[in-house]
Amino acid sequence: MAATSSADSDSGRTESSEANSKWLDAHYDPMANIHTFSPCLALADLHGDGEYKLVVGDLGPDGQQPRLKVLKGPTVLTESPLPALPASAATFLMEQHEPRTPALALASGPCVYVYKNLRPYFKFSLPQLPPNPLEQDLWNQAKEDRIDPLTLKEMLEDIREKAEVPLSVQSLRFLQLELSEMEAFVNQHKAKVIKRQTVITTMTTLKKNLADEDAVSCLVLGTENKELLVLDPEAFTILAKMSLPSVPVFLEVSGQFDVEFRLTAACRNGSIYILRRDSKHPKYCIELSAQPVGLVRVYKTLVVGSTQESLHGFTHKGKKLWTVQMPAAILTMNLLEQRSRGLQAVMAALANGEVRIYRDKALLNVIHAPDAVTSLCFGRYGREDNTLIMTTRGGGLIIKILKRTAVFVEGTGETGPPLAQTTKLNVPRKTRLYVDQTLREREAGTAMHRTFQTDLYLLRLRAARAYVQALESSLSPMSSTAREPLKLHAVVQGLGPTFKLTLHLQNTSTARPALGLQVCFLYNEALYALPRAFFKVPLLVPGLSYPLETFVESLNSKGISDMIKVLVLREGQSAPLLSAHINMPVSEGMAAA
């Protein structure tokens, strides 16, 4: 009876969790035998029939040959071998002609294999690089039997350690051989031409001239030779070549090649470089504190995952916006775009089997997988618009469909205290100076507090005295009396020797006009001359600013300036209502003369 009630409670808990989940479990096959990474997954309508299929560049574990697999639903539609390990897969439109079926590009080794209708269409090979001249000379000597294999090995190892130009594949294979196998290898390959070939490390697509979803796109390749190449979609010629300080491993693009575009490359040296159109070298650089494990562009924000179990957000100019700490190591990342709701978020698969979905630094959802997820892909699959495809470390395949009623709300992904509470603070060690200062504060704490309070009271007293003195002598540009609420500020214009002095006098009262006011100027008569040093002010209407203009002529030819005092007086009173001190500029006209 107890066992029956326990089984009923477990089934009810499972049904409730499925009901509260935003995802439908469409398919799970732990024995699918798919081993790949996120860059080697792509979704596309390869036949133009509206049925989107999954393209997988399978790495072929346990010594198996790498293969290109195309899945329709949960079943493998076609399967073909690959000559080398796949680096990336992408689908793109090559031309505008009907029917507009996308082509499939698969980067493997030094080549890009292009398929149309799942049939081989074109093979693009990276241009060969010039070999090391010292290496070329050594193989020429071996060809003429002027050097023995052991000496050849020693000199090639010396070149590999010191030379900037890396060795060719032929020399690297030779260095891996045993002593008994070297002579046969030299006799077999000494007549061959030395070739140095780089390989492709990453690949993505860039729109050619339109931003439409079905527009023609170019291929962007990152190579082991620290270069970025942009290929023409029709002729497969190199349209642009850019250099990087390190080898690119992740790429993100935005814009159009013919208009304006931005390339973002995460490299092996732990830095992210941002390049613009017509720039051969990076324009901005983001230096990370750890190696990047993923790069995703969400709207205008670059989201980078690092080996320090954290996500970082940057602007397109490299300014850091935020950081989110993860509970486990990040294995892979990809973009989640729900176009029906205008949502873009980043998916991060963790080593503990979780797949976390973030919008900026807000957690939207957490998916628990039965095994660690090694690749993610979100998009239209079959005839469902919002499908999440995941492959696991053990070769399993998981397909989930986002419910049409699902709405991602910030803060619903997890409960409990934030992760920052569990982070230990990096408290510095106590120095000898710190200990001595602590003992001094313990012994003389009362005297130190009394000294501080005394200085504070003296500061307050001096400030109050200065304020009272300013009020009594009317040194402030604003009147302190309630009967005459006035405000004054002055503007000096001109280069000299004649300046234009404008006084802006305002009655700040709400309803009472100001009458019987006078303006007086105090100045050094040896330096300045004014046509009127004293004049009456007309009636001041409340709320209006009245400009009062006069001219000041500088009489000194040695470039000496002084201060002019402006006093606003009431008829019959000797104390000014308010005053202003004007620091006159040096007369540039007199100085030039």
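Reference entry: report on the structure contained in this document. Predicted model only: the values in this text are computed from it and were never measured.

### Re the pairing of strand 12 (residues 227-231)
For strand 12, the tally of buried residues reaches five of five residues, placing the bulk of the element in the interior. Side chains Glu227, Leu229 and Leu231 of strand 12 all project onto a buried face; the interleaved residues Leu228 and Val230 project onto the opposite face, where all are buried too. Examined bridge by bridge, strand 11 (residues 217-223) and strand 12 share four bridges and lie antiparallel to one another. Within the sheet, the bridge partner assigned to Leu221 lies in strand 12 and is Leu229. Between the antiparallel neighbours strand 11 and strand 12 lie three residues, among them Lys226 with a positive phi of about 65°. Examined bridge by bridge, strand 12 and strand 13 (residues 238-243) share five bridges and lie antiparallel to one another. Looking at the pairing, Leu231 lines up with Ile238 of strand 13. From the end of strand 12 to the start of strand 13, which pair antiparallel, there are six residues, and Phe236 there has a positive phi angle of about 55°.

### Brief notes about the sheet that holds strand 24 (residues 354-359)
An order of 22-23-24-25 is seen for the four strands of this open sheet, with the pairing classed as antiparallel. Edge positions in the open sheet fall to strand 22 (330-338) and strand 25 (362-368), since each of these has one partner strand only. Averaged over all neighbouring strand pairs, the angle between strand axes comes to 25°, with direction disregarded. Looking at chain direction, strand 23 (residues 343-350) and strand 24 are connected through four bridges and run antiparallel. Considered in strand 24, the bridge of Met347 is made with Ile357.

### Focus: the packing of aromatic side chains
Applying the stated criterion across every chain, the model contains five aromatic pairs. Both rings, one in Phe122 and one in Phe236, keep their centres 4.7 Å apart while their planes meet at 15°; by these two values the pair is stacked. Taken as a pair, Phe122 in strand 9 (residues 119-125) and Phe236 in the loop between strand 12 and strand 13 lie far apart in primary sequence, 114 residues in all. Above the plane of the ring of Tyr121 lies Lys116, whose end atom (NZ or CZ) is 5.6 Å from the centre.

### Overview of the environment of Asn132
The topology assignment puts Asn132 in the loop between strand 9 and helix 2 (133-143). Of the residues examined, Asn132 reaches a relative accessible area of 4% and is grouped as buried. Considered as a pair, Asn132 and Ser168 are 36 residues apart in the sequence and their alpha carbons are 8.1 Å apart.

### Overview of the sheet that holds strand 7 (residues 103-108)
Spatially, four strands are ordered 6-7-8-9 in an open sheet, and the strand pairing comes out antiparallel. At either end of the open sheet lies a strand with only one pairing partner, and these are strand 6 (86-92) and strand 9. Across the sheet, the axes of successive neighbouring strands diverge by a mean angle of 20°, strand direction being ignored.

### Examining the nonpolar core
Nonpolar side chains tend toward joint burial in soluble globular proteins. Residues Leu486, Leu488, Leu503, Val519, Phe521, Leu540 and Val552 are the most contacted members of the largest nonpolar core, which totals 27 residues. When residues of this core are traced back to their parent elements, those giving at least two are strand 29 (486-493), strand 30 (498-507), strand 31 (517-522), strand 33 (534-537), strand 34 (545-554), strand 35 (563-570) and strand 36 (578-583). In terms of residue count, strand 30 provides more of this core than any other element does, four residues in total. Ignoring anything within four residues of it in the chain, the contact list for Val552 reads Pro497, Thr498, Phe499, Leu501, Tyr528, Ala529, Leu530, Ile564 and Met584. One finds Leu336, Met390, Ala406 and Phe408 within the second-largest nonpolar core, a separate group that totals 20 residues.

### Comments concerning the pattern of salt bridges
When their charged atoms lie close together, side chains carrying opposite charge are able to pair. In total, this model carries 15 salt bridges according to the counting rule given. For the salt bridge of Glu354 with Arg356, the shortest nitrogen-to-oxygen distance reads 3.0 Å. Among the ionic pairs, Arg404 bridges to Glu384, the shortest N-O distance being 3.4 Å. Taken together, the residues Arg404 in the loop between strand 28 (397-402) and helix 6 (432-443) and Glu384 in strand 27 (residues 384-392) connect sequence positions 20 residues apart.

### Quick notes on a nonpolar patch on the surface
Residues Leu515, Leu539, Val541 and Leu544 make up a contiguous nonpolar surface patch of roughly 330 Å² in combined accessible area. Looking at where Leu544 falls in the secondary structure, it is placed in the loop between strand 33 and strand 34. Overall, the relative accessible area of 46% leaves Leu544 in the partly exposed class.

Rules used throughout
Residues numbered from 1 in each chain as written. Predicted model: local features only at pLDDT ≥ 70, side-chain atom pairs only at ≥ 80, totals over all residues. Heavy atoms only, no water. Buried < 20%, exposed > 50% of the residue type's maximum accessible area, 1.4 Å probe, protein only. Helix = DSSP H or I, 4+ residues; strand = E, 2+ residues; numbered from the N terminus. Pairing = 2+ DSSP bridges. Axes fitted to C-alpha atoms, helices over the stretch in contact; angles between N-to-C directions. Phe/Tyr/Trp six-rings, centres within 6.5 Å; stacked < 30°, edge-to-face > 60°. Lys NZ or Arg CZ within 6 Å of the ring centre and 35° of its normal. Core = buried A, V, L, I, M, F, W, Y, C linked by side-chain atoms within 4.5 Å. Contact = heavy atoms within 4.5 Å. Salt bridge = Lys/Arg side-chain N within 4 Å of Asp/Glu carboxyl O. Patch = residues over 30% accessible without salt bridge, like charges linked within 9 Å, V, L, I, M, F, W, Y side chains within 5 Å. Areas by Shrake-Rupley, 256 points an atom, 1.4 Å probe, with all protein chains shown as cover.

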